[in-house]
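# Structural overview for review
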Amino acid sequence: MFRFLFKSNNNFRVLGSKSFHPIPHTSFNHHHCNSAVSSIHPQIASPISSNDFNPSGSSSKPSGNGSPSVSVLDRISRISGPGMAGNRFFSSGYLLNCKNLRSGKGNGSGLLRGSFEGESRGFSSEPDRESMEYDVVIVGAGPAGLSAAIRLKQMCRAKDVDFSVCIVEKGAEVGVSIGLVVALNYHNPFLNPYEEFQKLKHHPAIKPLLEGGTVLQYGARTLNEGGFQSIPYPVFPGGAIIGCSAGFLNVPKIKGTHTAMKSGMLAAEAAFDVLHEGLSMEKYWDGLRNSWIWEELHRARNYRPAFEYGLVPGLALSALEHYVLKGRSPLTLKHGKPDHEATDVARLHSPIQYPKPDGIVSFDVPTSLYRSNTNHDHDQPAHLRLRDPQVPERVNFPDYAGPESRYCPARVYEYVPDENGEPRLQINAQNCLHCKACDIKDPKQNIEWTVPEGGGGPGYSVM
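Another aspect to go through is the overall build of the protein chain. Each helix and strand counted, the protein chain has 12 helices and 15 strands in total. Scored against the burial criterion, the 463 residues of the protein chain give a buried share of 53%. Taking as baseline every contact in the protein chain between residues at least 6 positions apart, the subset at least 24 positions apart corresponds to 78%. Carbon and sulfur atoms make up 54% of the accessible area of the protein chain, which totals about 21000 Å².

Here it is in structure tokens:
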């Protein structure tokens, strides 16, 4: 699913340098999918305080929202001024700018045990960097990650023990956002989520809010919206998956910050018991199923799959769930076929003509891509791979009119004529925003998205 967002300013400050400095604590305001800033200045962060949460674990400083799908974002500001940015901090009192984990792997928000170190692959020419050991490493500084760090340090203080906690975050700041969500199970292969977002910004109710503003950055990502039926088993050897990465989104509310924060706290409590008492991380899974997260997601489980039957039936079933059954339906609806199978062949639809961007409120892809600060080393191994190089020209283009050239919000995929004038798929991997839409929406699942080396990708710092 694509999510398109308008973002407001925030005042989150962290360190933006390759060194690390002791700080008393670190504060935060909001979280969402992506971010970035117009300028970067090394700054010592304002503190992360355990006072941001009360002892019961509830937040006294609410965050922004979280969602599932693919999102494309414009960050727009009406107030000019230098941006404060950085990208590494941890709750035991230091900020750090490192790229890699020496041990443990994770995708999205998660808890890991391991250490940081510099590049170790033979492809890289960068010198070795310092290595530091931690008891707990949290990947992602969203509501879940920050909540986990704060809760873990609260428990350390209560039990008079000291475990080192490190938070890794590629974006330096987090902010609040609103926007359009486009599900990736759309049928028309001519639909272009990026262009739908540009068109939305010209709506009479939205355009006046954006006029006179300045676009700071642009970004995109895929958000998971499977809900209760799609929650994975979140515990793996040495860690756990928390927050939106595990799919704790309340789909009808398009709200996931509260559940992400609670999951982070539950994971922190389980991790503390693992380190302090030698218990198992299985406690996290048990805690989730006995928490209000499970109850809330169970009540909201039938809203999203109801729309598999169409708009009108979906609205009717959702109204029944909300106003009559109040989430207590004896039935649990199933999700339909995978998103890539929902794409129809091109002959069943007509091409969609989108208006040209005006350069004021709406923009073309190259302009937006420039604002993402995306970058990949030119000599790194390709992170976008085709399982069968012949599928694009043999299937995707003739049958689906080359949908990868439209569902990608960064124009990574484009068809260009070869020496014989026949269309050939060209992959501009250096443009990749890591939204992972291609890995999900490609009709034949022929594109394999892998993690690039060297921390390449978009340079988000305020989204």
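So that's the structure; there's more coming.
Put simply, helix 1 (residues 143-159) and helix 4 (residues 257-277) touch, their axes get as near as 7 Å, and they point 40° apart. Of the two possible hands of crossing, helix 1 and helix 4 adopt the one that is right-handed. Facing helix 1, whose interface residues are P143, A144, S147, A148, R151, L152, M155, C156 and K159, helix 4 presents T257, A260, M261, S263, G264, M265, A268, E269 and F272. Its residues assigned to classes, the contact of helix 1 with helix 4 shows 11 nonpolar, 4 polar and 3 charged.

Our next topic: a nonpolar patch on the surface. Together, Y309, L317, L320, Y323 and V324 give the surface a local cluster of nonpolar side chains, amounting to about 540 Å² of exposed area. Tracing the backbone through its elements, the reader meets L317 in helix 8 (residues 311-325).

Two elements, strand 6 (residues 132-139) and strand 7 (residues 165-168), share 4 bridges in a ladder whose sense is parallel. Looking at the pairing, V136 lines up with V165 of strand 7. As for the winding sense of the linkage, the β-α-β connection from strand 6 through helix 1 to strand 7 is right-handed.

Time to look at the pattern of salt bridges. Under the counting rule described, the total for this entry stands at 9 salt bridges. The partner of R394 in a salt bridge is D388, with the nearest N and O atoms 3.1 Å apart. Residue classification places D388 among the partly exposed positions, given a relative accessible area of 26%.

Glancing now at helix 8. Spanning 15 residues, helix 8 covers 20 Å between terminal C-alpha atoms, matching the ideal 21 Å at 1.5 Å per step. Residues of helix 8 that are buried include every one of G314, S318 and E321, and no others. The buried residues of helix 8 occupy an angular sector of 60° when projected down its axis, which confines them to one face. Relative to its buried face, helix 8 has exposed residues pointing more than 90 degrees away, namely V312, Y323 and V324. The elements touched by buried residues of helix 8 are helix 6 (292-299) and helix 7 (303-306). Once helix 8 finishes, K326 follows within two positions and takes phi at roughly 50°, a positive value.

Scanning all chains against the criterion turns up 6 aromatic pairs. Taken together, a centroid distance of 5.1 Å and an interplanar angle of 70° make the contact between F228 and W294 edge-to-face. Residue F228 is found in the loop between strand 9 (214-223) and strand 10 (235-236), and its partner W294 is found in helix 6; the two are separated by 66 residues along the sequence. Note on Y233 and W285: the rings are 5.6 Å apart at their centroids and 80° apart in plane angle, and the pair reads as edge-to-face. In this pair, Y233 sits in the loop between strand 9 and strand 10 while W285 sits in helix 5 (residues 282-289), placing the two residues 52 residues apart along the sequence. Assessed through its relative accessible area of 44%, Y233 is described here as partly exposed. The side chain of R371 reaches across the aromatic face of F363, ending 4.3 Å from its centre.

Attention shifts here to the pairing of strand 14 (residues 423-427). It is a general feature of regular strands that their side chains alternate between the two faces of the sheet. Sheet topology places strand 13 (residues 413-417) next to strand 14; 5 bridges connect them, and they run antiparallel. Of the residues in strand 14, the one forming a bridge with V416 is R424. A loop of 5 residues connects strand 13 with strand 14, the two strands running antiparallel in sequence, and G421 in this loop sits at a positive phi of about 85°.

This next bit is on empty space enclosed by the protein. Tallied over the full model, the rule gives 4 cavities of 30 Å³ or more. Quantified by volume, the largest cavity comes out at close to 70 Å³. Contributing to the lining of the largest cavity are L384, C408, A410, V412, Y413, C432, L433, H434, C435, K436, A437 and C438. Tallied by class, residues from the lining of the largest cavity come to 10 nonpolar, 1 polar and 1 charged. There is about 50 Å³ of room inside the second largest cavity. The wall of the second largest cavity is formed by 14 residues, among which G227, F228, V251, A300 and R301 lie closest to the centre. Across the lining of the second largest cavity, the residue classes break down as 7 nonpolar, 5 polar and 2 charged.

To continue, consider helix 4. Its 21 residues give helix 4 an end-to-end C-alpha distance of 30 Å, which sits within 8% of 30 Å, the value for a rise of 1.5 Å per residue. Among the 21 residues in helix 4, 16 count as buried, and that is most of the element. G278 occupies a position one or two residues after helix 4 and carries a positive phi of about 75°.

All right, on to the nonpolar core then. Counting 33 residues, the largest nonpolar core has I138, F248, M281, Y284 and L288 as the members making the most contacts within it. Among the nonpolar cores identified, the runner-up in size contains 29 residues, and A410, C435, A437 and C438 belong to it.

This part takes up the packing of helix 4 against helix 5. Relative to each other, helix 4 and helix 5 sit at 145°, their axes nearing to 8 Å. For the crossing formed where helix 4 meets helix 5, the hand is right-handed. Every residue of helix 5 that contacts helix 4 at S263, L266, A267, E269, A270 and D273 is listed here: K283, Y284, G287 and L288. Considered class by class, the residues forming the contact of helix 4 with helix 5 number 5 nonpolar, 2 polar and 3 charged.

Calculation criteria
Residues numbered from 1 in each chain as written. Predicted model: local features only at pLDDT ≥ 70, side-chain atom pairs only at ≥ 80, totals over all residues. Heavy atoms only, no water. Helix = DSSP H or I, 4+ residues; strand = E, 2+ residues; numbered from the N terminus. Buried < 20%, exposed > 50% of the residue type's maximum accessible area, 1.4 Å probe, protein only. Contact = heavy atoms within 4.5 Å. Areas by Shrake-Rupley, 256 points an atom, 1.4 Å probe, with all protein chains shown as cover. Axes fitted to C-alpha atoms, helices over the stretch in contact; angles between N-to-C directions. Left-handed = near helix turned anticlockwise from the far one by under 90°. Nonpolar A, V, L, I, M, F, W, Y, C, P; charged D, E, K, R; others polar. Patch = residues over 30% accessible without salt bridge, like charges linked within 9 Å, V, L, I, M, F, W, Y side chains within 5 Å. Salt bridge = Lys/Arg side-chain N within 4 Å of Asp/Glu carboxyl O. Pairing = 2+ DSSP bridges. Right-handed = clockwise from strand over helix to strand, strands pointing away. Expected span 1.5 Å × (residues − 1). Arc of directions from axis to C-beta. Phe/Tyr/Trp six-rings, centres within 6.5 Å; stacked < 30°, edge-to-face > 60°. Lys NZ or Arg CZ within 6 Å of the ring centre and 35° of its normal. 1 Å grid on protein atoms, 1.4 Å probe; cavity = no way out; pocket = protein on both sides within 12 Å on 5 of 7 lines; lining within 4 Å. Points joined across faces, edges and corners; volume = space filled by probe spheres on them. Core = buried A, V, L, I, M, F, W, Y, C linked by side-chain atoms within 4.5 Å.

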